[in-house]
Amino acid sequence: MISVAPMLDWTDRHCRFFHRQISEHALLYTEMVTTGAILFGKQDFLAFNDAEHPVALQLGGSDPQALAKCAKLAAERGYDEINLNVGCPSDRVQNGSFGACLMAEPSLVTDCVKAMQDAAPEVPVTVKTRLGIDEQDSYEFLQALLTPLAEAECPRVILHARKAWLQGLSPKENREIPPLDYQRVYQAKRDYPTLEIHVNGGVNNLQEAQQHLQYVDGVMIGRAAYSNPWLLAEVDELLGVQHRAPSKEEVLAQMHTYIEEHIRAGGRFWHVARHMLGLYQNCPGARQWRRTLSELGPRADDATPLLTAKAIIDAEYARAAERESQL
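Rules used in this analysis
Residues numbered from 1 in each chain as written. Predicted model: local features only at pLDDT ≥ 70, side-chain atom pairs only at ≥ 80, totals over all residues. Heavy atoms only, no water. Helix = DSSP H or I, 4+ residues; strand = E, 2+ residues; numbered from the N terminus. Buried < 20%, exposed > 50% of the residue type's maximum accessible area, 1.4 Å probe, protein only. Contact = heavy atoms within 4.5 Å. Areas by Shrake-Rupley, 256 points an atom, 1.4 Å probe, with all protein chains shown as cover. Salt bridge = Lys/Arg side-chain N within 4 Å of Asp/Glu carboxyl O. Pairing = 2+ DSSP bridges. Axes fitted to C-alpha atoms, helices over the stretch in contact; angles between N-to-C directions. Right-handed = clockwise from strand over helix to strand, strands pointing away. Lys, Arg positive; Asp, Glu negative; His and termini not counted. Polar contact = N/O pair within 3.5 Å; in protein donor to acceptor, adjacent residues only side chain to side chain. Core = buried A, V, L, I, M, F, W, Y, C linked by side-chain atoms within 4.5 Å.

Chemist: For the overall build of the chain, give the residues involved together with the corresponding values.
Modeler: What the chain contains, in helices and strands, is 15 helices and eight strands. Seen along its three principal axes, the alpha-carbon backbone of the chain occupies a region of about 65 × 45 × 40 Å. Among the 327 residues that make up the chain, the fraction classed as buried is 53%. Long-range pairs, those at least 24 residues apart, make up 72% of the contacts in the chain between residues at least 6 apart in sequence. Taken as a whole, the chain presents about 14,900 Å² of accessible surface, with 49% of it coming from carbon and sulfur.

Chemist: Any chance you could break down the pattern of salt bridges for me, citing the residues and the numbers?
Modeler: Where charged atoms from two side chains of opposite charge come close, those side chains can pair. Enumeration over the complete set of coordinates arrives at 11 salt bridges. With a closest N to O distance of 2.7 Å, Asp44 and Arg77 form a salt bridge. Taken together, the positions of Asp44 in the loop between helix H2 (35–40) and strand S3 (55–60) and Arg77 in helix H3 (residues 64–77) put the pair 33 residues apart, joining distant regions of the chain. In this structure, the salt-bridge partner of Glu176 is Arg223, at a minimum N-O distance of 3.4 Å.

Chemist: Describe the sheet that holds strand S2 (residues 27–34), with residues and values.
Modeler: The strands that make up a sheet pair up through hydrogen bonds in the backbone, lying either parallel or antiparallel. Here eight strands make up a closed barrel; going around it, the order is S1-S2-S3-S4-S5-S6-S7-S8 and the pairing parallel. Ignoring which end each strand starts from, the neighbouring axes of this sheet average 25 degrees apart. Note: strand S6 (residues 156–160) against strand S7 (residues 196–200), five bridges, orientation parallel. Note on S7: the bridge partner recorded for Arg156 is Glu196.

Chemist: Mind laying out the pairing of S3, listing which residues take part and the relevant values?
Modeler: The buried count for S3 comes to six of six residues, which makes it a mostly enclosed element. Across the two faces of S3 the burial is the same, with Val55, Leu57 and Leu59 and Ala56, Gln58 and Gly60 all buried. Two strands pair when backbone bridges link them, and S2 and S3 are joined in this way by five bridges, in the parallel orientation. For Tyr29, the partnering residue across the bridge sits in S3 and is Ala56. Read as a crossover between parallel neighbours, the route from S2 over H2 to S3 is right-handed. Judged from the four bridges that link them, S3 and strand S4 (residues 81–86) form a sheet pairing that is parallel. Bridge pairing links Leu59 to Leu84 in S4. After leaving S3, the chain enters H3 and then returns to the sheet as S4, a path that is right-handed.

Chemist: Kindly report on the side chain of Arg20, identifying the contributing residues and their values.
Modeler: Checked against the element boundaries, Arg20 lands in helix H1 (residues 13–22). No salt bridge is formed by the buried Arg20; the nearest opposite charge belongs to Asp236, separated by 6.2 Å. Of the polar contacts made by the side chain of Arg20, one reaches the backbone oxygen of Pro54; its length is 2.9 Å. Discounting chain neighbours no more than four positions away, the residues touching Arg20 are His25, Ala26, Leu28, Ala51, Glu52, His53 and Pro54.

Chemist: I'd like a description of the nonpolar core, backed by residues and values.
Modeler: Core analysis: the largest hydrophobic core is formed by 102 residues, its most contacted members being Ile221 and Trp289. Looking at which element gives the most residues to this core, the answer is helix H6 (residues 139–151), with seven residues. Leaving out residues up to four positions away in the same chain, Trp289 has contacts with Leu252, Met276, Leu277, Leu279, Tyr280, Leu306, Ala309, Lys310 and Ile313.

Chemist: Go over the environment of Leu108 with me, naming the residues and quoting the values.
Modeler: Mapped onto the fold, Leu108 is located in helix H5 (residues 106–119). Separated by 46 residues in sequence, Leu108 and Ser62 place their C-alpha atoms 7.6 Å apart. If we skip the residues at most four places from it in the chain, Leu108 touches Ser62, Pro64 and Leu102.

Next comes the structure, spelled out in structure tokens:
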């Protein structure tokens, strides 16, 4: 399995719709949504487009009863998976006593998972976590979390192959500074064969993902899939699914229609287009594409900037083809 990681402020419903146009079978995760937001917020934090399937909801919380209520609501809405965040190290999450700090309370994590399983028995309840926290980063510390999860028949654990520092590092630094330890993730798969173990962290392309799949059941890709979304175009083939991959022109046509519908519903062009800046990463005209959308997009009240940027790309491709023909 290949999935796109939950990323706060990035993997919203517009981003997920865009990614789904590129890959039919990559599992897409929502941003982390707290139980408080779902139960007491004024917005509909569970909304998603049916086209996003398969899609997983990531929940943040530490109260088994609140998580159970949210899991039941998520199941009723049709989510394909419900994931508990046990890995986010941000101050806001720590102040709410959930995220990575839950690693220090494995019995509570298991209670949360069991409560969610009971409330939504038809939907897989999974966990995303780190290898450790602060000085508690031994393999035995990780086992203290994985063992009861395996006994509770949690079907899948996604391991971000780094520990988290709860004090002294920002969330961004926690994604980069603690060293990666893929061997520990592989060891977890050997020791817990009944658990699906997925690896996350530092995966930059599908070639690296393929290497990891020799040792684990799945790979979760984060920032690389966001900055270069076209890498998702090869996911379905990697998963052994036979179907014709879309062209960028076909994806743009779908997104143009989607953006127009979003604007008619009262939304803004930039809500969607900001997720598309990396579509032409490493292609002729990529810089002009990003600049055009970034300059015109935030003020646009229709989908014209998408057509303008596409015209620039077409011209760059034509110039590149002409230069190639003259060689």
